[in-house]
Amino acid sequence: MISILTRAIMMSTPLLMGSIAEVYAERTGMMVTAIEGIFLLGAWGGFVGTYMTGSLAVGMLAAIAAGVATALVYAVITVLLKQQQIVTGTAINILAGGFCAYFQRVLFGIPTTPLQISVLDRIPVPVLSSIPVIGPMLFNQNILTYFAYIVIPVSYIVLYRTSLGLAIRSAGENPEAADASGINVNRIRFLTVLAAGAMGGLAGSFYTIGYLGMFTTGIIGGRGWIAFSICFLGNWNPRGAMFGTLVFGLAEAISIYLQSTGGIAVIPNEFVIALPYILTIVLTIAKRNFAVPAKLGVPYIKES
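Criteria and cut-off values
Residues numbered from 1 in each chain as written. Predicted model: local features only at pLDDT ≥ 70, side-chain atom pairs only at ≥ 80, totals over all residues. Heavy atoms only, no water. Core = buried A, V, L, I, M, F, W, Y, C linked by side-chain atoms within 4.5 Å. Buried < 20%, exposed > 50% of the residue type's maximum accessible area, 1.4 Å probe, protein only. Helix = DSSP H or I, 4+ residues; strand = E, 2+ residues; numbered from the N terminus. Contact = heavy atoms within 4.5 Å. Axes fitted to C-alpha atoms, helices over the stretch in contact; angles between N-to-C directions. Parallel < 35°, antiparallel > 145°, perpendicular 65-115°, else oblique. Nonpolar A, V, L, I, M, F, W, Y, C, P; charged D, E, K, R; others polar. Salt bridge = Lys/Arg side-chain N within 4 Å of Asp/Glu carboxyl O. Left-handed = near helix turned anticlockwise from the far one by under 90°. Patch = residues over 30% accessible without salt bridge, like charges linked within 9 Å, V, L, I, M, F, W, Y side chains within 5 Å. Areas by Shrake-Rupley, 256 points an atom, 1.4 Å probe, with all protein chains shown as cover.

### Observations concerning the nonpolar core
Alright, step 1. Core analysis: the largest hydrophobic core is formed by 73 residues, its most contacted members being Tyr207 and Phe215.
Alright, step 2. At twelve residues, helix H9 (residues 185-212) tops the list of elements feeding residues into this core.
Alright, step 3. Excluding anything up to four places from it in sequence, Tyr207 contacts Met11, Pro14, Leu15, Phe39, Leu212, Gly213, Met214, Ile219, Ile220 and Arg223.

Spelled out as structure tokens, the structure:
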């Protein structure tokens, strides 16, 4: 049980970072449907950066750069050119898959064995990691998980206790009033999408440099969309996103555990693999009240 819970905390890391990034973007009115592509390019950038240099730090920086570059394309098309956000994000997700497949082959050819990189080591926190049960679960994780711990309170404080957070929320609820008060709505939206891209790229890199140590074009496997759905299920609130990611992290940890142990004889392996995705559908259908930002998905065109 401790092993499953420890893995649940670890597997919730990228979902937490991705869902909070989505919370911030959608609070400004920007539905970043390119999140799956951002995750994938972040995973690829993290792998390539680490493989080429042997440095995990460079890999993380490359992942952030890849996420920002993808978000930049999305922001230019949707914020500046006012194009439809869902269609744009879907197109970028498709492009990301083709981009990674093509350049992976250009850079590395077709290796006979999968290319491997080192993954982030776990860093036990002195004294705290020795606490029974809680210690191994919370205080013996890698640096990305510890970073996610910091993101939770900081994101909440910034969004609800600062003028910047007020500007972000105003841009998605009443952009006309925000504009009248001197807030540059499109600038806030543009920069928030870039920040979400940076966080999403880092989240995607978890799967290559924090967990598997390799890259395939199917490595994300829809987890970007799970992070996207957690934003909805958490009612666009960092605290809600935190609880949502823990639930999904636990589902994925149980899925991995059952696959590694052969599962339960009466349950098909395909069902075990699909467990986190089934949970996404069930919770989305079960939820009745959504505190949707008023102008979510609506481009802001300033009146002359």
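### Comments concerning the packing of helix H7 (residues 163-173) against H9
Alright, step 1. Where H7 contacts H9, the axes come no closer than 10 Å and their chain directions differ by 105°. Of the possible angle classes, the one that applies to H7 and H9 is roughly perpendicular. Where H7 abuts H9, its residues Leu164, Ala167, Ile168 and Ala171 lie against Val185, Ile188, Arg189 and Thr192.
Alright, step 2. Looking at the contact of H7 with H9 residue by residue, the class counts come to six nonpolar, one polar and one charged.

### Quick notes on the pattern of salt bridges
One side chain can pair with another of opposite charge once the charged atoms of both are near each other.
Alright, step 1. One pass over the structure, following the stated rule, counts two salt bridges.
Alright, step 2. Across the salt bridge formed by Asp179 and Lys302, the nearest N and O atoms sit 3.8 Å from each other. Of this pair, Asp179 sits in helix H8 (residues 175-180) while Lys302 sits in the segment after helix H12 (269-286), and the two are 123 residues apart along the sequence.
Alright, step 3. Judged by relative accessible area, Lys302 falls into the exposed class, the value being 58%.
Alright, step 4. Here Arg223 ties to Glu252 by a salt bridge, and the two come within 2.6 Å at their closest N and O atoms. Of the two residues, Arg223 sits in helix H10 (residues 223-233) while Glu252 sits in helix H11 (residues 238-261), which places them 29 residues apart along the sequence.

### Side note on the packing of helix H2 (residues 35-53) against H9
Two quantities define a packed helix pair, namely the angle between the helix axes and the distance between the axes.
Alright, step 1. At a closest axis distance of 6 Å, the pairing of H2 and H9 adopts a crossing angle of 60°. When the axis of H2 is compared with that of H9, the two are oblique. With respect to the hand of their crossing, H2 and H9 are arranged in right-handed fashion. Of H9, the residues touching H2 (which contributes Ile38, Phe39, Gly42, Ala43, Gly46, Phe47 and Thr50) are Gly197, Gly200, Gly201, Ala203, Gly204, Ser205, Tyr207, Thr208 and Ile209.

### With respect to a nonpolar patch on the surface
Alright, step 1. Nonpolar side chains collect at one region of the surface, where Tyr51, Met52, Phe99, Tyr102, Phe103, Val106 and Leu107 lie side by side and expose about 660 Å² of accessible area between them.
Alright, step 2. Contributions of two or more residues to the nonpolar patch are made by H2 and helix H4 (85-108).
Alright, step 3. The biggest single contributor to the nonpolar patch is H4, with five residues.

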